[in-house]
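Chain and residue survey
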Amino acid sequence: MFLLIRYFLSKIPILYLILYNFNQKFFKSKEKKIFKKLFLNKNTDITIEGFPRSGNTFSYFAFNYFQKKKISIAHHVHHEYQLIYSYFHNLPNMILIRKPDDAVKSYLIRKEFSIEPKTAFREYYYYYLIAYNLKNKLLFFKFTSITNDIDKCIKIVNKKFQKNFDTNYLNIKDKKQIYKNIDKATSEKNFSYGNKINYKYIIKMTARPQSKRKLIKDTLRFKNFYWRKKANEIYKEIIKISN
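Everything in this summary refers to the structure shown in the same document. Please read these numbers as outputs of a predicted model, since none were measured by experiment. (Residues numbered from 1 in each chain as written. Predicted model: local features only at pLDDT ≥ 70, side-chain atom pairs only at ≥ 80, totals over all residues. Heavy atoms only, no water.)

Looking now at the nonpolar core. Formed by 42 residues in total, the largest nonpolar core has its most connected members in Y124, Y128 and I234. If you list the elements that add at least two residues to this core, you get α2 (13–26), α5 (80–88), β3 (93–97), α6 (100–110), α7 (117–133) and α12 (226–239). With 11 residues, the top contributor of residues to this core is α7. In this structure Y128 touches G50, F51, S54, L96, I97, R98, I234 and I238, once residues within four positions along its chain are discounted. One finds F58, F63, V157 and Y179 within the second-largest nonpolar core, a separate group that totals 25 residues. (Core = buried A, V, L, I, M, F, W, Y, C linked by side-chain atoms within 4.5 Å. Buried < 20%, exposed > 50% of the residue type's maximum accessible area, 1.4 Å probe, protein only. Helix = DSSP H or I, 4+ residues; strand = E, 2+ residues; numbered from the N terminus. Contact = heavy atoms within 4.5 Å.)

A contiguous nonpolar patch, built from I12, I14, L15, I18, L19 and F88 and spanning about 500 Å² of accessible area, is present on the exposed surface. With four residues, the top contributor of residues to the nonpolar patch is α2. Within the fold, F88 resides in helix α5. (Patch = residues over 30% accessible without salt bridge, like charges linked within 9 Å, V, L, I, M, F, W, Y side chains within 5 Å. Areas by Shrake-Rupley, 256 points an atom, 1.4 Å probe, with all protein chains shown as cover. Salt bridge = Lys/Arg side-chain N within 4 Å of Asp/Glu carboxyl O.)

Taken as a whole and judged by the stated rule, the model has five salt bridges. Of the charged contacts in the structure, one is a salt bridge between E233 and K230, with a shortest N-O distance of 3.3 Å. With E233 and K230 both in helix α12 and three residues apart, this pair spans about one turn of that helix. Judged by its relative accessible area of 43%, E233 falls in the partly exposed class. Judged by its relative accessible area of 18%, K230 falls in the buried class.

Printed below as a string of structure tokens:
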């Protein structure tokens, strides 16, 4: 029900933002305090967002890797607020999308199976349904585009928003360095974003291909239930307009 309410509010971006900011002011979010640096603000240069496990970490580190000067990136919140704010203020953005089954499998592992698959697919569906309704000012990028040709993706952003973000061809050496940067940042010691978190299994935090995680994903099978169907429907619509 709460997701449905958020969806209907998102149809009126200004109303959504007013109510959201009101809620943040009077009902302080612990999560926002912890991840404050990840949220949009008046100094944000670009938003890089998507459903969890959709190439968010690689995109963030790859984008940052090429920048010659420090820029402010809103990322890893996985909440429609970031999309709506970007839409309303016409901020440069990269909205990432991955096949529902692949994203949800990885998400369930990340959550240590603390949620049901139908819940994950429902979250996926509403997240991208809201994004799709804001498509006029959002740029969508497929998971494979981001991981294989980030250079082209950045150029598309520059052209759409008349920006000059730095970019270059992503060679094997660059990709290895980006993964090293990711490994360093997502180690148990350093993956904190300002708070102290001790994760039991680092496998669920590693934002790169991993054989052990792949073995787990290969064993997961989903029935074709309602929310999985809906997730695939919205995925097919967004892929039509994705880069």
